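# Examination of the molecular architecture
Each chain, written out:
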Amino acid sequence: MRLIRFTVNGSPVAIEVPANQLLIDVLRKNLQLTGTKQGCSVGVCGACTVLRDGQQISACLTLAAQIDGAEITTIEGLAENGQLHPLQEAFIAHGAFQCGICTSGQIMAAKALLDNNPNPTKSEIQNWMMGNLCRCTGYYPIIEAIITAAREIAAQEMKA
């Protein structure tokens, strides 16, 4: 067992974990943050995407011990003061989800993209999102949602 300390969605956490426990299990089972989904369990589908210090990672491949001292952001951490993040709003507006299994991972990957590139082209979005699979939407609504969110975020920043 190893004591790890990290921040998740702005809240400090200290928890003892076995050396082989995965981050996805800590999030879902220990912290009851069930928005992060387990899809393939081998890091290729993107359903478990979360942000570690602002960078996207696969929670199904990351040992919990590796996040000691890190800041983790999950889908539950995007909304602020009861208001959805522009990406969440855009995904709803564009119907960029169906079954919902990939949605949180899609949104978290898109957040990492927009944090790194606030005004991506359609091609840049497609390339960035290649690691996040969706069996339901056909990707077009996801791409449109990301474009819409990028515009909304830029408009909000102009007002601030």
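Scroll up to find the structure this text is about.
We now turn to the structure provided with this report.

Conventions adopted
Residues numbered from 1 in each chain as written. Predicted model: local features only at pLDDT ≥ 70, side-chain atom pairs only at ≥ 80, totals over all residues. Heavy atoms only, no water. Salt bridge = Lys/Arg side-chain N within 4 Å of Asp/Glu carboxyl O. Helix = DSSP H or I, 4+ residues; strand = E, 2+ residues; numbered from the N terminus. Buried < 20%, exposed > 50% of the residue type's maximum accessible area, 1.4 Å probe, protein only. Pairing = 2+ DSSP bridges. Axes fitted to C-alpha atoms, helices over the stretch in contact; angles between N-to-C directions. Contact = heavy atoms within 4.5 Å.

## What to know about the pattern of salt bridges
Two side chains of opposite charge can pair, provided their charged atoms sit close to one another. Applying the stated rule across the entire model yields 4 salt bridges. A salt bridge links Arg2 to Asp68; the shortest N-O distance between them is 3.5 Å. In this pair, Arg2 is assigned in strand E1 (residues 2-8) and Asp68 in the loop between strand E4 (55-58) and strand E5 (71-73), connecting sequence segments 66 residues apart. Judged by its relative accessible area of 33%, Asp68 falls in the partly exposed class.

## Some words on the sheet that holds E1
The sheet built from 5 strands is open, its strands ordered E2-E1-E5-E3-E4 with mixed pairing. Both edges of this open sheet fall to strand E2 (11-17) and E4, since each of them pairs with a single strand only. Neighbour-to-neighbour, the strand axes of the sheet open up by a mean angle of 40 degrees, direction not taken into account. Where strand E3 (residues 49-52) and E4 come together, 4 bridges link them in antiparallel fashion. Its bridge partner being in E4, Arg52 is matched across the sheet by Gln55. Strands in contact with helix H3 (residues 103-116) are E3, E4 and E5; relative to E3, the strand with the most contacts, it is inclined by about 35 degrees.

## Digging into helix H2 (residues 86-93)
If you check which residues of H2 are buried, you get Pro86, Leu87, Gln88, Ala90 and Phe91. Its buried side turned inward, H2 meets H3 and helix H5 (140-159). Of the residues trailing H2, Gly95 is marked for its positive phi of about 60 degrees.

## Brief notes about the side chain of Thr103
Along the chain, Thr103 falls in helix H3. You can call Thr103 buried: its relative accessible area is 14%. With residues up to four places along the chain from it excluded, the contact list for Thr103 reads Phe91 and Phe97.

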